Amino acid sequence: MNSIIVVPGPTMSPAAQIRLAPGQTLRFGREPLRRTGGGGSGPHTLRVPHAGVSRSAGEISATATYWSLSNFSRSATYVVENPEGAGEHIKIAPGRLDAPVPFEFARLVLPAGSELLTLDVWAPRHDYADRDDPGEPDGEPTALPFPLDRTSRYFLVLTALCEPRLRGAPHAPLPTVEQVVERLKPSWPAANRAAVQWNIDYLAVKLRLKPGPDTVDPGPRLVGKKETLVSLALRFDLVRETDLAALPAAPTGTAR
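Quick caveat, the model's predicted, so the values are computed rather than measured.

Caption draft 1: Structural detail: helix α1 (residues 153–166). For α1, built from 14 residues, the straight-helix expectation of 20 Å at 1.5 Å per residue is met to within 8% by its first-to-last C-alpha distance of 19 Å. The sharpest bend along α1 measures roughly 30° and falls at alanine 160, with the proline proline 164 sitting one to four residues further on. Burial analysis of α1 places 12 of its 14 residues in the buried class, the great majority of the element. Those residues of α1 that sit buried are Tyr154, Phe155, Leu156, Val157, Leu158, Thr159, Ala160, Leu161, Cys162, Glu163, Arg165 and Leu166.

Here it is, written out as structure tokens:
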């Protein structure tokens, strides 16, 4: 999967996700100008209709596994947050070009007058090498077919979805989104339906259950998303019984 996915915030246009292949760029601002020349298969723009945002505010550039941010503002510092971290963030100073962003998914915060506008950027092809295969002395280690960060929140959501079947009930019904929220609340107090659903949607992209950005046809709507995710995770041992230890302790009286 060679893509960066930009998820616009409310009021931004277009409202749909924007997928960037390596070499492509996305200009954003109040009246962003399309870039002429350069690499990639075509220019992309995102309109942010707010008087406090520069006409041409910045640019997101995609590579194979990460993205960089250019800040065209003369006075505003942009902040890129890691929603998975404990306040982890980087600052992009006015005029800074091509600052690399290391987060697998990030929230770009734009100061706009008395408001803060946000948009999300996903880098689902954050590859992880097989730790048991260091590769040849002069070669690269083997990249995993399903690169997952086992410390991430999305992996915790996937583990909670797989839990009933990993505890010895292979045909057990999957937990609802609301049940996943309640299951994870002890260790994730801010969990809510929207946040859990966001992680499920992200997993569908991460595990390639949705077409990549290089396909013209986005394909049919994915039906039975949770069932498909759990089936894939259990079939290929992406989630194992040992991973259940990362879940909060089950409430007293809950079947294990």
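Caption draft 2: Representation of the packing of α1 against helix α3 (residues 193–206) in the model. Direction vectors running N to C along α1 and α3 enclose 95°, while the axes themselves pass 9 Å from each other. With respect to α3, the element α1 is oriented roughly perpendicular. In this structure, α1 contributes Arg153, Tyr154, Val157, Leu158 and Leu161 to the contact, and α3 contributes Val196, Asn199, Ile200, Tyr202, Leu203 and Lys206. Of the residues assigned to the contact of α1 with α3, the class counts are 8 nonpolar, 1 polar and 2 charged.

Caption draft 3: Representation of the sheet that holds strand β8 (residues 89–92). The strand order across the open sheet formed by 6 strands is β2-β1-β11-β10-β7-β8, and the pairing between neighbours is antiparallel. The open sheet has two free edges, formed respectively by β2 (18–20) and β8, since each of these has just one partner strand. Shown here is a sheet whose adjacent strand axes are inclined to one another by a mean of 25°, direction ignored. In terms of strand pairing, strand β1 (residues 4–7) meets β2 through 3 bridges, oriented antiparallel. Across the sheet, isoleucine 4 pairs through a bridge with leucine 20, a residue of β2. Where α3 meets the sheet, its contacts fall on β1, β2, β10 (105–112) and β11 (115–122), and the angle it forms with β11 comes to roughly 35°.

Caption draft 4: Broad picture of the confidence of the model for the protein chain. Confidence in the prediction of the protein chain, expressed as mean pLDDT, is 83, and 80% of residues score 70 or more. Long-range and interchain partners of residues 37–41, a stretch whose pLDDT sits below 50, account for 4 contacts in this model, where long-range means more than four residues apart. In the predicted structure, residues 212–222 sits below a pLDDT of 50 and forms 9 contacts with residues beyond four places in sequence or in another chain.

Caption draft 5: Structural view of helix α4 (residues 225–235). Among the residues of α4, Lys225, Leu229, Val230, Leu232 and Ala233 are the ones counted as buried. Around the axis of α4, the buried residues are gathered within 165° of arc, so they sit on the same side. The inward-facing, buried residues of α4 contact α1 and α3. Among the residues trailing α4, aspartate 237 stands out with phi positive, at a value near 55°.

Cut-offs and rules
- Residues numbered from 1 in each chain as written.
- Predicted model: local features only at pLDDT ≥ 70, side-chain atom pairs only at ≥ 80, totals over all residues.
- Heavy atoms only, no water.
- Helix = DSSP H or I, 4+ residues; strand = E, 2+ residues; numbered from the N terminus.
- Expected span 1.5 Å × (residues − 1).
- Bend = angle between axes of the 7 residues up to and from the residue.
- Buried < 20%, exposed > 50% of the residue type's maximum accessible area, 1.4 Å probe, protein only.
- Axes fitted to C-alpha atoms, helices over the stretch in contact; angles between N-to-C directions.
- Parallel < 35°, antiparallel > 145°, perpendicular 65-115°, else oblique.
- Contact = heavy atoms within 4.5 Å.
- Nonpolar A, V, L, I, M, F, W, Y, C, P; charged D, E, K, R; others polar.
- Pairing = 2+ DSSP bridges.
- pLDDT = per-residue confidence, 0-100.
- Arc of directions from axis to C-beta.

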